[in-house]
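Each chain, written out:
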Amino acid sequence: MTVFLRLCSAVVALIVVQCLWSPSSAQAQTFACSGAAGERMVGHAPGPNGQGGVPLCMSDGSGGGGYAAPTRPPVLTYGAFAAHIDATDIWSEGNQRQAGVAERIALEACNRAMGGGCESGEWNDSSMAIIRDQTGVFFHAWLGEGDAERRRVMDLCSSRQELPCQVFKTINANGRRHRPGPEARRSYAVGAWVQGTIADGYDRKLYLASGYRSMEEARPLAIAACLAANPGRNCQIAVEAGGTFIQTVTNDRGRDFTVVETSVERARSAGEIRCRRDGGTGCEVQATFDTRQRGLFVHDFSRGAAG
C-alpha cells in the first residue's frame, strides 16, 4: 500500500470514529474499552500506519460500570478572621483559594496593629457569625447545618449575662477584607469602693479610674482614690471594663450595683434587670460611664450623681 493510500485509510477510519462520537445523546462519550459491564464497542482509534488500534466503547446505560466522566475538584473559597483581647473589632480576610492564606493574612494584619497576641480562625465556602458578650469578648460560630452551632454558642454566651449576646457581624468566606483603625484598641476603666456594708463604713461611692491603656494601669489609681477618701478603711475592686460602658444602679433596699454592657441603651436595660433580680420593688438607674473617657471620677449612689 502506498503512503497516500495508508493516509486515506487512516482518514476514513477517523471519519467513521468521529461519526460514532456524534453527541446525539447524553451518553455519547467514547473511551477505551475495558471489558466492564455496560460497555458497547463503537469503533477503533487509528493505530500506527493507519491500522485499527485501540477499541473504543460507549456506555449503553445498563448501569454495571461503564465510563464516568472525570469531575473537577471543587473550588474552595477560604475566609478567616483574627481577634485580640484588647480590641473592640476584628480583622478579616476572604476570597482566597488556598487553605491557610486568608488566616495568615488576617493574623499578620491583627498582630501588626496590636503588637502581637492575636488569635485567628479559618473556614471555607460558608459564613461565620462573630458573637459579642456584654464585656466585649468575641466568640465565633459556623453558620452551617441549619445554624445549630450559632444557636448553641449564642445560648451559652447569653446564659452568663442579663441580656442576650449580640451577633457582632457575619463574615462570608468570599467577603472583602476588613482592617480596623486605631479606635479599635480598648480603653479600660476600673472602679473601687469601700469593702463591707454601710455599718462597716461603706460610703456608697464608686471611685472610677477611666480611659487607661490597661486594667493594670487603672487598678491602683482606683484603689488609691478610694483609700484617700476613706482613711483606715479597706477598699476593693467593684468593676472592671474595657471598650464598653459601666452602668450604676441602686434599689430601694439600699443595694448598689454596677453593670457592664456594649452600649448605653443595653447598659441601662441590663442595670434594671440586675436591680429587679435582687428583689427590690424600686430601681434607680443612675449614671453611665464610657470607659474611653479619661479621668478619675466619683459616683455617689446616695445622690445619683458623679463628681
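Residues numbered from 1 in each chain as written. Predicted model: local features only at pLDDT ≥ 70, side-chain atom pairs only at ≥ 80, totals over all residues. Heavy atoms only, no water.

**Some points on the overall build of the protein chain**
Part 1 of the reasoning: Each helix and strand in the protein chain was counted, giving five helices and 17 strands.
Part 2 of the reasoning: Looking at the protein chain residue by residue over its 307 residues, the buried ones come to 41%.
Part 3 of the reasoning: In the protein chain, once contacts between residues fewer than 6 apart in sequence are set aside, the share between residues at least 24 apart is 59%.
Part 4 of the reasoning: When the accessible surface of the protein chain is totalled, it reaches about 16,600 Å², and 52% of it is carbon and sulfur. (Helix = DSSP H or I, 4+ residues; strand = E, 2+ residues; numbered from the N terminus. Buried < 20%, exposed > 50% of the residue type's maximum accessible area, 1.4 Å probe, protein only. Contact = heavy atoms within 4.5 Å. Areas by Shrake-Rupley, 256 points an atom, 1.4 Å probe, with all protein chains shown as cover.)

**Overview of the sheet that holds strand β5 (residues 91–96)**
Part 1 of the reasoning: Taken in spatial order, the three strands make up an open sheet running β5-β4-β6, and their pairing is antiparallel. The open sheet has two edge strands with one neighbour each: β5 and β6 (119–124). Shown here is a sheet whose adjacent strand axes are inclined to one another by a mean of 15°, direction ignored.
Part 2 of the reasoning: Bridging between strand β4 (residues 78–83) and β5 involves four bridges; their strand directions are antiparallel. Across the sheet, the residue bridging to Y78 is Q96, located in β5.
Part 3 of the reasoning: In the packing of helix α2 (residues 101–114) onto the sheet, contacts are made with β4, β5 and β6, and the angle to β5 comes to roughly 155°. (Pairing = 2+ DSSP bridges. Axes fitted to C-alpha atoms, helices over the stretch in contact; angles between N-to-C directions.)

**Brief notes about the environment of M114**
Part 1 of the reasoning: Mapped onto the elements, M114 comes out in helix α2.
Part 2 of the reasoning: Each C-alpha atom, one on M114 and one on A87, is 8.0 Å from the other, the two residues being 27 residues apart in sequence.
Part 3 of the reasoning: If sequence neighbours within four positions are ignored, M114 has contacts with H84, D86, A87, W91 and R185.

**Concerning the state of the cysteines**
Part 1 of the reasoning: Enumeration according to the criterion identifies four disulfides in this entry.
Part 2 of the reasoning: Put simply, C226 and C235 are joined by a disulfide, and their sulfur atoms are 2.1 Å apart. Here the disulfide of C226 and C235 is left-handed, its torsion about the S-S bond being about -80°.
Part 3 of the reasoning: Judged by its relative accessible area of 0%, C226 falls in the buried class.
Part 4 of the reasoning: We classify C235 as buried; its relative accessible area is 15%.
Part 5 of the reasoning: With a sulfur-sulfur separation of 2.1 Å, C275 is cross-linked through a disulfide to C283. Linking C275 and C283, the disulfide has an S-S dihedral of approximately -100° and is accordingly described as left-handed. (Disulfide = S-S within 2.5 Å.)

**Thoughts on the nonpolar core**
Part 1 of the reasoning: Within the largest apolar cluster, 24 residues are counted, with the highest numbers of intra-cluster contacts made by L208, C226 and I246.
Part 2 of the reasoning: At the level of secondary structure, the elements contributing two or more residues to this core comprise β10 (188–194), β11 (205–212), α4 (215–229) and β12 (235–242).
Part 3 of the reasoning: Take this core: its biggest share by element is six residues, from β10.
Part 4 of the reasoning: In this view, C226 contacts A192, W193, V194, Y207 and C235; residues no more than four positions away in its chain are not counted.
Part 5 of the reasoning: Of all hydrophobic cores here, the second largest spans nine residues; its members include F81, I90, W123 and A173. (Core = buried A, V, L, I, M, F, W, Y, C linked by side-chain atoms within 4.5 Å.)

**Some words on the packing of aromatic side chains**
Part 1 of the reasoning: Per the counting criterion, the structure on display carries five aromatic pairs.
Part 2 of the reasoning: Relative to F168, the ring of F138 has its centre 5.0 Å away and its plane inclined at 50°; by these criteria the two rings are tilted. Here F168 lies in strand β9 (residues 166–172) and F138 lies in strand β8 (residues 138–142), a separation of 30 residues in the sequence.
Part 3 of the reasoning: For F168, a relative accessible area of 23% puts it in the partly exposed group. (Phe/Tyr/Trp six-rings, centres within 6.5 Å; stacked < 30°, edge-to-face > 60°.)

**Describing the sheet that holds β9**
Part 1 of the reasoning: Pairing within the open sheet is antiparallel, and its three strands lie in the order β8-β7-β9. Each edge of the open sheet carries a strand with a single partner, namely β8 and β9. In this sheet, adjacent strand axes meet at a mean angle of 25° when their direction is disregarded.
Part 2 of the reasoning: With five bridges joining them, strand β7 (residues 127–132) and β8 adopt antiparallel strand pairing. Of the residues in β8, the one forming a bridge with M128 is W142.

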